[in-house]
Amino acid sequence: MADALLQVEDLTRRFGGLAAVDGFDFHVNQGEIVSLIGPNGAGKTTVFNVISGIYPPTSGRILLNGKSIGGLKPDRIQRQGISRTFQTLRLFSNMTVLENVLVGYHSRLHSNLFGDIIKPPWVTKQEKQAISKARALLKRLSPRLLEQQNFRSSDLAYADRRLLELARALISDPHLVMLDEPTAGMNPSEALEFMEQIRRINADGYTLLLIEHNLSVVMGVSQRVVVLDYGKKIAEGTPPEVQHNERVIEAYLGRRATAAS
Amino acid sequence: MATAVPVRNPLQVWRENAVARRLFVLVVVIAAFLYPILSTDVVTIYTATLAEVYVLLALGLNIVVGFAGLLDLGYAAFFAIGAYVTAMLASSRLSFGHSNVSTFLFSIGSNGVHINFFLLIPLAAVIAAFFGILFGAPTLRLRGDYLAIVTLGFGEIVPKVIENLGPGNSLGLPNITNGVNNITGIDSPPNVNFWFIHLNFSGLDPRPWYFLGLVIIIISVAIIYRLRNSRLGRSWVAIREDEIAASHAGINITGTRLTAFALGAAFSGFGGLLNASHLGSVSYDQFLFQVSVTILVMVILGGIGSIPGVMVGGAFIAFLNESWLAWVGTKVNDLGTALHPAGGVIGTIGAWLATLPVESAKPMIFGFMLVGVMLLRPQGLIPERRRALEFHPETQHELEEEQEELYTVRTGEI
Amino acid sequence: MADIIIAGLALGALYAIVALGYTMVYGIIELINFAHGDVFTLGGFIAIPILGRLINQNSFTVSTTESIIGIGVAMIVAAIVCAAVGVFIELVAYRPLRNAPKLAPLITAIGVSLILENAMYQWQGGLPVYAPNNIVQTSNYTFLGVTITNIQILVIVIAVLMMLGLDFFVNQTRLGKAMRAVAQDREAASMMGINVNRIISITFLIGSGLAGAGAVIYLILEGSVGYNSGFTLGLFAFTAAVLGGIGNIRGAMMGGFLIGLITAYVQSLGNGGGTEWYDVVVFAILVLILVFRPAGLLGTNTTEKV
């Protein structure tokens, strides 16, 4: 599609001889929630890592609003408008909840060394606005988070920490938010609550790309699902379409299962 | 506000009360200024002046190690650069030609290069900062321990290079640093006669130096507090905590790291300038690895990342280094001599104490301090505000109060 | 040139032995053991009286048997003492910080190094202490126009034997396999039933023991040892370990010889000028490797999983 927000064309990423991602094509449209699924080791996180700039693509293109961003460093990609969360949850443990979110706003704040030292009125005004915005975002996601705004982030409950990582990703008003297994380690009710959050954020206008293993979350929240196996796309479509796709079932359960059915 | 907190230790109560804190700082500053006026103990004032240099160095290293989490084991290199820049630009070292060009700001010519001290302050800082970037650049992709070793390498290279670029050096270069012959005759600041302030730097009185150092420290501390509570300060903590998450939040890791090195080096440059000018001479062996270690001990002991902490650490180690250890040494030896005549066990202990070289055990004492702090109280004497939480969960309340104050807009906040 | 090469190899053998200790410890707990060089110094001080006692200092010649016994016993005793000290240091100073942020054990290691070095200073004074005059009866061999002393041969042979022994141990024995497992993935190794603490202790034991033995070789080559000999040597040996690829035993060996050759070469330059600059050169090499090829020559690039 010509007007996709994120366009990934023939993306390949090799590590030595192994192609973790192999000729992968997909796109995400403005306002969508797209999920990337696939069995373990399919290359999903590698796709994220290439898009977010941790690794350059070995070949292929990544376009954000038509602009090529392949090979840029993570901080530049964030400034272009893609933010993400991590499978392993990477918060700044020794900072408060509020500070964690404020760091996410780093690229939208403008100051230089002298501004930081002398603190002219426009710098302090910026900071104030950033704090209000951060607080508003925390409140929107969960009043509980706002209450704990001055708590050390590592003291929070697990589900709240995941939510906080989300807040940090959202505050910069990104064009695209990539969530890498956001419900990993959550119990079913927490995962359900998180699903609600995802829907609400999407309703607010954020475009989301998810990696998820929890298939009920995937099916419940996504408009489109893309399935990856051994680095290649094996299916794409709406949740029901993908659910009944033989190749997908085969990939997850192995050939014998389909043969038996 | 959070619900009531069970146990409150004095440090927490302290942190909660912003007014009390400001008052305390004001009292301390006034006392610091009054001290040399009221005291006649010239020796202590002199030691205090040396301590001021140590404190500046500790503050600088704190930016690199404490704020940004980059372990620099060769920090004395920047101290050396600040000192030698001063030495070469404010003495007769670099003399050339047969006549002098003299202005208010500088004079150049056969008498050497003499730049006005107050112009040297920013100059030394800028040059040191430049070297901070130069030495920091190769370390950009390195983690903790490798970074430490590389900085240690630079810390070894700089004094060696200084030593080797003297007269008759093996590279066939002209005499730049005067090598093992040191550089002496470094200028003092011009005398200040302004309003009620009369400072004569050319005599033996340490007081003018003390005041100068105090002013430099106060300005430095103000700058560092501003930095810590800014976007830049946050980005330093972020890269310290998790570099990958930080870069994904839009933080330019390279720039943030280099800025930390540059600023850390700049304060070391101030320290070098002050020291060189005060002592009147510089020698390459003032900047060896032991010095880098000593500054590290100040930061670790005082409280890594904590501005008041490293100042206390710096002052404490300075006095320990320059006078207390020697004093303790003589007292121990005296005790030994007193015990010695008594027979038996006490006499043997006395004999041992009488000749115990306490002062020479300084590295061992520092070593025990480092190991002890790391094993028993890693946050140091005065913990950094953020790290304090790690070890005392009941300090949440105190942090909240500080947070409010931190983010409420007030100019001149401390 | 040839004698520079020989001298470099002999020196390199020394660096290699010390480098082995650094590389083993780093491989297993990712810690640069700053105190390693100072443990080495201790070995030297322990060895001197032993050599003095066992080898007749009053005659003009030294019998080969005496040399062998003297050196052998000195190496064993020094190795044992250093091994014990190394294990003790790990137990007391590093183990409690096994799970602390990386900065902590590194700072502690510096502290331990300071303590050890000053202890040596207090014990033996600030001046170098000389090894006994008679250790080995020197004899020269000329081979294809190159002169090499038996000492140099001895040193190189001992170092190579040590490396071979260590290499065999690490790659062919069960204990060695356990060490490699712990080096690769501590958690997984412990889940396989390996006593991680014991393995780490053994690593320190071997590394420090080697340093102690290496100190005897240092004495034979250099003739004296001072309270701070170990520190600079340690840095050079660490550079060697990094050059070869930290964590890699063969790399440490190779790196050691390379640094030895480079040092010998630079020292020979410029009519004595080289002696001023050789340490700057080595540190510059250290910086360059860590910047451009941190994995070293034989190491593998490990990338962090995101």
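Look a little higher up for the structure.
Let us look at the structure shown here. (Residues numbered from 1 in each chain as written. Chains lettered and ligands numbered in written order. Predicted model: local features only at pLDDT ≥ 70, side-chain atom pairs only at ≥ 80, totals over all residues.)

What follows covers the overall build of chain A. Assigned secondary structure in chain A consists of twelve helices and ten strands. Along the three orthogonal principal directions, the C-alpha set of chain A runs to about 70 × 40 × 35 Å. Looking at chain A as a whole, 46% of its 261 residues are labelled buried. In chain A, 65% of the contacts between residues at least 6 apart in sequence involve partners at least 24 apart. (Helix = DSSP H or I, 4+ residues; strand = E, 2+ residues; numbered from the N terminus. Buried ≥ 20, exposed ≤ 12 C-beta atoms within 10 Å, placed from the backbone. Contact = placed C-beta atoms within 7 Å.)

Next up on the list: the pairing of strand S2 (residues 140-143) of chain C. Residues and elements named next belong to chain C. Pairing analysis gives four bridges linking S2 to strand S3 (residues 146-149), with the strands arranged antiparallel. The partner of Thr 142 across the bridge, within S3, is Thr 147. Hairpin geometry of S2 and S3 is characterised by an intervening segment of two residues between the two adjacent antiparallel strands and by a positive phi of about 55° at Leu 144. (Pairing = 2+ DSSP bridges.)

By definition, the strands of a sheet pair up through backbone hydrogen bonds, in either a parallel or an antiparallel sense. Residue and element names in this part refer to chain A. What the four strands build is an open sheet, ordered S2-S1-S4-S5; its pairing is antiparallel. The open sheet has two free edges, formed respectively by strand S2 (18-28) and strand S5 (67-68), since each of these has just one partner strand. The pairing of strand S1 (residues 6-15) with S2 spans seven bridges and is classified as antiparallel. Its bridge partner lying in S2, Leu 6 is registered against Val 28. The sheet contacts of helix H1 (residues 44-51) involve S1, S2 and strand S4 (59-64), and relative to S2 the element is tilted by about 70°. (Axes fitted to C-alpha atoms, helices over the stretch in contact; angles between N-to-C directions.)

Turning to its location among the elements, Ala167(A) is positioned in helix H7 (residues 158-170). In this structure Ala167(A) touches Val101(A), Leu137(A), Leu138(A), Leu141(A) and Leu145(A), once residues within four positions along its chain are discounted.

Contact with chain A, which involves 34 residues of that partner, is made by 31 residues of chain B. When residues of the side of chain A that touches chain B are traced back to their parent elements, those giving at least two are helix H2 (74-80), strand S6 (82-84), helix H3 (97-104), helix H4 (113-118) and helix H5 (121-141) of chain A.

With that out of the way, let us pick up the interface of chain C and chain B. Each partner contributes residues to the interface: chain C has 35 residues there, and chain B has 31 residues. Residue assignment for the side of chain C that touches chain B shows that the elements contributing at least two residues are helix H4 (103-124) and helix H11 (274-292) of chain C. Considering every element that reaches the side of chain C that touches chain B, the biggest residue donor is H4(C), with 15 residues.

Another aspect to go through is the environment of Glu222(C). All names here are of chain C. With respect to the helices and strands, Glu 222 occurs in helix H8 (residues 196-222). By C-beta crowding, Glu 222 is classed as partly exposed, having 17 other C-beta atoms within 10 Å. Taking C-alpha positions, Glu 222 is 47 Å from Met 191, a pair spaced 31 residues apart along the chain.

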